[in-house]
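What the coordinates show
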Amino acid sequence: MKPVKTEVLRINSRRPNDSIIARASKLINSGEIVAFPTETVYGLGANALDPSAISKIYQMKGRPSDNPLIVHIADMKTLRGLVSEISPRAMRIIKKFWPGPVTLVLKKSKIVPKVTTGGLDTIAVRMPRNRIALALIKKSGFPIAAPSANISGRPSPTNASHVKDDLDGKVKMILDGGSTEIGIESTVIDMTLRTPVILRPGGISKESIEDEIGEVRFHDSLLGLRRSTEKINKSPGMKYRHYSPNARVVIVEGSRIRAKAKIIELTEKLKDEGKKVSIMTASKSLKPNADSVQYMGNTLDTIARNLFANLRKADSDHIDVIVVQGIHYNNTGFAIMNRLKKAAAETIKV
Ligand code: TXA
Ligand code: MG
């Protein structure tokens, strides 16, 4: 791709400036790509109905073309045009959580090109809870397909400088609306099945969806997450890189006392090997002899909000190993641990 000049435009997140939204939507309308904030993470947006614009997104991110995109909308009329059916259960989720961080997988209509859905007959749709995103969608007049605005495999961006770090010289415009509110991506739930299945845990927990519509399941691939009591050692070659900083991520899970002791021991060992070590923990009393200690926060909301920025910070500090103290799997703890497990080379259970 020919290098472009990347323009970063600061924009008011409460009252998005009309002139900036107009410039951004002009780019979208001419088949270009714009990075913009949502309430979860920054997205890399293009007209969802324009196959050549969509291809550019895949290319820019280095994303495999069979990994479908989420389509963002600002009103229900657009949703009806994109899907062939909205079940009563899907409607209940929409009424309760939209605009907000839950994405519904529904049967797509004919107007949606297959590049957008990675060749599938279904479409993933959500209405974001962010005024900049909503203004951009409305002004452009099209549904906007947007994956997270990171290079494939890197942690998702939660502010404009993360986007610039990954996509400077590639994307023409970044709308800088400050740090995102939620910090992890939306929950993706397949509503085409008899029992809805969560494909990706995210900003809305399984528990709160079940409060609305009754039983939902986690996809089998997510269930390995909390199983197994012994040490899992993945070889570096087999490592599934996703949400990954350059630093090696090691998770320590177990009772508070044992985990803390293990982290202190591990830190000593790594320091002896000459490694630069950072600790990520939600415990203020953990004081290992590391190069830095990143306090993750005292609620699930703050831990989620800071998660990806913490992972990226370790890279700018040239950290070799990040040792993370695992958190519990309840509510959005499940989504947080899902991101950490995917970023990690190794999990040590004590
Ligand atoms: O919060 C979010 O969802 C952010 C912001 C920008 O909205 N977007 C985001 O997009 O995380 P992306 O592309 O990074 O992740 C989209 C996820 C992928 O796991 C993809 O496989 C899944 O949604 N997905 C998209 N369409 C699908 C479909 N038709 N069926 C099943 N999964 C789908
Ligand atoms: Mg992503």
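The paragraphs below set out a description of the structure included in this document. Fair warning: this is a prediction, and the values are worked out from it, not measured in the lab.

A few points about the pattern of salt bridges
In the structure shown here, the tally under the stated rule is 21 salt bridges. Across the pair D176 and R10 runs a salt bridge, and its minimum N-O distance is 3.1 Å. Of the two residues, D176 is situated in strand β8 (residues 173-176) and R10 in strand β1 (residues 7-10); the sequence distance between them amounts to 166 residues. Residue R10 is classed as exposed on the basis of its relative accessible area of 56%. Of the charged contacts, one joins D291 and K271 as a salt bridge, the two residues approaching to 2.7 Å between their closest N and O atoms. Residue D291 is located in the loop between β14 (277-281) and β15 (292-295), and its partner K271 is located in helix α9 (residues 256-272); the two are separated by 20 residues in the primary sequence. A relative accessible area of 28% places K271 in the partly exposed class. A network of salt bridges, in which partner residues are shared, links R154, D166, R312 and D315.

Looking at helix α6 (residues 160-167)
What α6 keeps buried is the set A160, H162, V163, D166 and L167. Mapping the buried residues of α6 onto a view down its axis gives an arc of 155 degrees, with all of them on the same face. Those residues of α6 that are buried are in contact with β2 (34-37), β3 (42-47), α2 (51-61), β8 and α10 (300-316). Directly beyond the C-terminal end of α6, a positive phi value near 85 degrees is found at G169.

Reading guide: rules and limits
- Residues numbered from 1 in each chain as written.
- Chains lettered and ligands numbered in written order.
- Predicted model: local features only at pLDDT ≥ 70, side-chain atom pairs only at ≥ 80, totals over all residues.
- Heavy atoms only, no water.
- Salt bridge = Lys/Arg side-chain N within 4 Å of Asp/Glu carboxyl O.
- Helix = DSSP H or I, 4+ residues; strand = E, 2+ residues; numbered from the N terminus.
- Buried < 20%, exposed > 50% of the residue type's maximum accessible area, 1.4 Å probe, protein only.
- Arc of directions from axis to C-beta.
- Contact = heavy atoms within 4.5 Å.

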